[in-house]
Amino acid sequence: EALRDGFQIPVREAANRQSPLLMLPRHPSNCQVNAVLDRTETLVHRIQRGQVSELLKNPSGQNRAGGIEPEDRVYANSYVDLGAAEVVGFDYDYTLVSYKPVLLERIYEMARRHLVDNNRYPTELLTELQGYDPTFAIRGVAVDVESAWICALTNRYRVSVAFYGRERVSPEVVSDMYKSEFGAGILPPEERRRRMRPLNDLFSTVEACLLADLVQWFKDRDIAFDARSVVEDVLSAVGHAHTSGDMHRAVAEDLDHFLEPDEERRLRHLLESLKASGRKTMLVSNSQFWYVDAGMKHKVGEDWRTLFDVVVVSAGKPAFYTQNRPFREVSKNTGRIKFKPITELKPYNVYCQGSIKELMSLTGWAREADGNVDGSKVIYLGDSLFADLVEARRLYGWTTGAIISEVAAEIDVQRRREWKEAWHVLQALVHCVQMCQEEFHAEQQSENGVVNRQVPHTKANRALLDSLEALALEMRSKKDAVMNQNFGSIFRTSKDDGRTDKPSLFGRSLQRYVDFYTSRVENLRLYSTDHRFYPCHTRIGVLHEFTHMRDPILELMYEDSDESCWLDSMPSDLMI
């Protein structure tokens, strides 16, 4: 016997496992509570032994969508009717083309070299920094420009996790750093805009990694540094790799090395299908024409421009949406920008700069009989929420689709046994906490049989709940670490040191500003050009509306009890 938080816990090893089975605490006097704990522990052990995998498969059939694998599906936040769309537009980087991880390694090297050569940082950085680490940061974190911390943010801008260099900042220090004058722990809007620099695309994970490495290098050597200056230098150095054209030239010189292959020409098939269905197509990219031209020829073919009605490069998004600038034509042969005024956008020509207002005016797309423009008839897909999508949807009502490659990566993680085990055990523990509290109330019946639910918990009751919550926190941390050992999932984070999890700021922004998302643009070819996407019913988020749904974990917990195994319950993923 061993003690945990004052409760006796038997410690024993499973015969066929290297790690011990999870042992739950017991109540010192409440037999009914202990019966709940017994059932929960039995179920947890069955989960850990892999004995309930078949029973936990989704009974509603939501995992079967016309034979399309989960990582290839389109996920809708709102109703989207492809058949109603007259125009489909695309960004270029990480949308029409995807890059291999080696590109981020190259950008890291370019930025590190820039710091040494141009900012006179120590030459030792060239050999002593470890290089780009794809496991350190995730898309959606933010840089505190005053402290040089790398922060994960909740949907209400509360800092849930912070790293100073490569070392995690304790929750107590994080809470003290960001406590408002009212003690709420939520950054006020003006301070948020001043301090937090969001990293919302895959390129920006290089900024997070290089900043953390550089800060840690200074800390390890007790070198004093100004955090604001280091942040500015790192962001400028990574930006220089883009604006100088160094990254683009490196990619164009070895496209096979840097671009993800498309041997089956899936992108071309998608574009041809859209054209055949009568849709107008456009490409609007911030990259220069020569760079886009090289990549599209490599991936789609020499005649790629015939698949687009309008091609816009050097668009300068998001200013493309917020400013009213004229278009200028780009010479397809020399890349020179012409000076003649643009009064129409001709097929097969290439244009630069411009604005969404000019685009809609010159093309006449989605114009109604009364002269008004129905922006919902334009679909635009891109990878950067705020550079590509937010303003197009907010200002002009375009239907927006996000290309989030991490969707496929996280679905792959969710297939692993260690993630599924942690997830299902976590669900069982949360249910156990709720069921134990119901049994606490059963002790409080008055003489007439009425339950007094306002009686405070006893010391033993509170200690039991604390112990169960600690186990739940352990399982949640284990589940998150399988995603990313530092920040967990890009879509979820915690606002209370891991007791519960909620959508991250990135996840909430994805829900709020994007109509649908998928892991690759080519996934659209798996659907009819007239397909209608519906949001999942649980997207409404009004919890009482889902009390009729089955919960297989709760059913298994009651399997050996006298109560019905077909219990109605709120879905566990909404409760925790």
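On a predicted model such as this, the values are computed, not experimentally measured, just so you know.

## A short note on the sheet that holds strand S12 (residues 310-313)
The strand order across the open sheet built from nine strands is S3-S19-S16-S15-S5-S11-S12-S14-S13, with neighbouring strands paired in mixed fashion. Each edge of the open sheet is held by one strand with a lone partner, namely strand S3 (75-76) and strand S13 (327-330). Bridging between S3 and strand S19 (residues 516-518) involves two bridges; their strand directions are antiparallel. In the sheet register, Ala76 faces S19, and the bridge partner there is Phe516.

## A short note on the environment of Ser175
Counting through the fold element by element, Ser175 comes out in helix H4 (residues 171-177). Classification of Ser175 by relative accessible area gives partly exposed; the value is 41%. Between the C-alpha atom of Ser175 and that of Arg158, which follows or precedes it by 17 residues, the distance is 9.2 Å.

## Looking at the sheet that holds strand S7 (residues 149-153)
In spatial order, the strands read S9-S8-S7-S6-S10; together these five strands make up an open sheet with antiparallel pairing. The open sheet terminates on both sides in strands that have one partner only, identified here as strand S9 (167-168) and strand S10 (196-198). Examined bridge by bridge, strand S6 (residues 142-144) and S7 share two bridges and lie antiparallel to one another. Looking at S7, one finds that Val143 is bridged to Ile150.

## Thoughts on the nonpolar core
Counting 122 residues, the largest nonpolar core has Tyr99, Met282, Phe308, Trp398, Ile404 and Phe487 as the members making the most contacts within it. Element by element, the count of residues in this core is highest for helix H6 (residues 204-220), at ten residues. When near neighbours in sequence (up to four residues on either side) are disregarded, Met282 contacts Val87, Val88, Gly89, Phe90, Phe308, Val310, Leu359, Trp365, Val378, Tyr380 and Trp398. One finds Val413, Leu429, Leu471 and Met557 within the second-largest nonpolar core, a separate group that totals 34 residues.

## A word on empty space enclosed by the protein
Empty space among the atoms can be located by rolling a probe the size of a water molecule over them. All chains considered together, the criterion is met by two cavities of 30 Å³ or more. Approximately 70 Å³ is the volume found for the largest cavity. Contributing to the lining of the largest cavity are 14 residues, with Ile138, Gly140, Ala152, Ile490 and Ser504 lying nearest its centre. Broken down by secondary-structure element, the contributors of at least two residues to the lining of the largest cavity are S7, strand S17 (492-493) and helix H18 (505-513). Split into classes, the residues belonging to the lining of the largest cavity amount to eight nonpolar, four polar and two charged.

## Let's talk about the pattern of salt bridges
Opposite charge on two side chains permits pairing when their charged atoms draw close. Per the stated rule, a full pass over the model turns up 42 salt bridges. The salt bridge involving Lys340 is made with Glu329; its shortest N-O contact spans 3.0 Å. Of this pair, Lys340 sits in the loop between S13 and strand S14 (350-353) while Glu329 sits in strand S13, placing them eleven residues apart in sequence. For Lys340, a relative accessible area of 45% translates into the label partly exposed. Connected through salt bridges with shared partners, the residues Asp144, Glu146, Glu191, Arg194 and Arg195 form a single ionic network.

What counts, and at which threshold
- Residues numbered from 1 in each chain as written.
- Predicted model: local features only at pLDDT ≥ 70, side-chain atom pairs only at ≥ 80, totals over all residues.
- Heavy atoms only, no water.
- Pairing = 2+ DSSP bridges.
- Helix = DSSP H or I, 4+ residues; strand = E, 2+ residues; numbered from the N terminus.
- Buried < 20%, exposed > 50% of the residue type's maximum accessible area, 1.4 Å probe, protein only.
- Core = buried A, V, L, I, M, F, W, Y, C linked by side-chain atoms within 4.5 Å.
- Contact = heavy atoms within 4.5 Å.
- 1 Å grid on protein atoms, 1.4 Å probe; cavity = no way out; pocket = protein on both sides within 12 Å on 5 of 7 lines; lining within 4 Å.
- Points joined across faces, edges and corners; volume = space filled by probe spheres on them.
- Nonpolar A, V, L, I, M, F, W, Y, C, P; charged D, E, K, R; others polar.
- Salt bridge = Lys/Arg side-chain N within 4 Å of Asp/Glu carboxyl O.

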